[in-house]
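Secondary and tertiary structure notes
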Amino acid sequence: MRSLIAGVFFTLFMQAFHLRVGPSELHFLGAMPLYLAFGLLPALFGFALGLLAQGLIFEPTDLVHLGVNTLSLAVPLLLVHATLGTRLQAARARLDVRSILKLDAAFYAGVTLMVGFWLAIGEVATPLAAWLAFASSYAAIVLVEPVFTLLVLHAIGRRQHSAAVRFCFQPQAL
């Protein structure tokens with residue numbers, strides 16, 4: 001259930017803001033709200049389901065890149081979880097803008113590196129300047145998403161006693 005809900009939210013986030021930048025697109029992915037509110041596996045499956053929904057409903061040409069796009073999001077999230085995410089959980093640290101900013105910066109650095117990797121092995125030559133324009137465009141998302149994440153987690157936490165909230169969201173987020 002959490003994966004389906006995460007997929008719906010991911011699709012809505014991606015459709016709410018997307019802009020062509022260089023060789024790819026800048027999207028508001030909502031990765032940290034998904035990861036922190038639903039958990040690692042629902043966020044990963046939510047990415048895949050959301051990308052599938054995007055391809056089926058909004059951009060059928062994206063279906064060709066479903067695996068590449070899913071890996072471009074899943075690998076960085078797995079690395080963030082294995083490093084910063086587990087450290088936060090082990091320290092039982094309270095989430096603040098600074099800690100979420102670190103998570104976001106690491107995640108989006110990974111996403112832009114994955115896109116760079118796919119471009120480097122692609123059949124079409126892509127200038128480094130085009131990739132740099134794309135990579136630097138995510139700075140705006142990295143600055144906005146931590147505040148959005150805190151607002152989402154705060155809203156979920158205020159309704160933590162609801163059975164529906166406990167069913168849909170990861171208990172640690174509450």
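Here goes a summary of the coordinates provided. Since the structure is predicted, the reported quantities are computational estimates derived from the model, not experimental observations. (Residues numbered from 1 in each chain as written. Predicted model: local features only at pLDDT ≥ 70, side-chain atom pairs only at ≥ 80, totals over all residues. Heavy atoms only, no water.)

1. Some details on helix α1 (residues 2-16)
- Along its 15 residues, α1 runs 21 Å from first to last C-alpha, staying within 8% of the 21 Å computed at 1.5 Å per residue.
- For α1, the set of buried residues is Ser3, Ile5, Ala6, Gly7, Phe10, Thr11, Phe13 and Met14. (Helix = DSSP H or I, 4+ residues; strand = E, 2+ residues; numbered from the N terminus. Expected span 1.5 Å × (residues − 1). Buried < 20%, exposed > 50% of the residue type's maximum accessible area, 1.4 Å probe, protein only.)

2. Topic: the pairing of strand β1 (residues 18-21)
- Where β1 lies against strand β2 (residues 24-27), four bridges are found, and the strand directions are antiparallel. Paired with Arg20 across the bridge in β2 is Glu25.
- Connecting the antiparallel pair β1 and β2 is a turn made up of two residues, with Gly22 showing a positive phi of about 55°. (Pairing = 2+ DSSP bridges.)

3. Side note on the side chain of Glu145
- Note on placement: Glu145 falls in helix α6 (residues 128-158).
- Of the buried charged residues, Glu145 lacks a salt bridge, with Lys102 as the closest side chain of opposite charge at 16 Å.
- At 3.5 Å, the side chain of Glu145 and the backbone nitrogen of Ala31 are in polar contact.
- In this structure, Glu145 is in contact with Phe28, Leu29, Gly30, Ala31, Met32, Pro33, Asp104 and Tyr108, ignoring residues within four places of it in sequence. (Lys, Arg positive; Asp, Glu negative; His and termini not counted. Salt bridge = Lys/Arg side-chain N within 4 Å of Asp/Glu carboxyl O. Polar contact = N/O pair within 3.5 Å; in protein donor to acceptor, adjacent residues only side chain to side chain. Contact = heavy atoms within 4.5 Å.)

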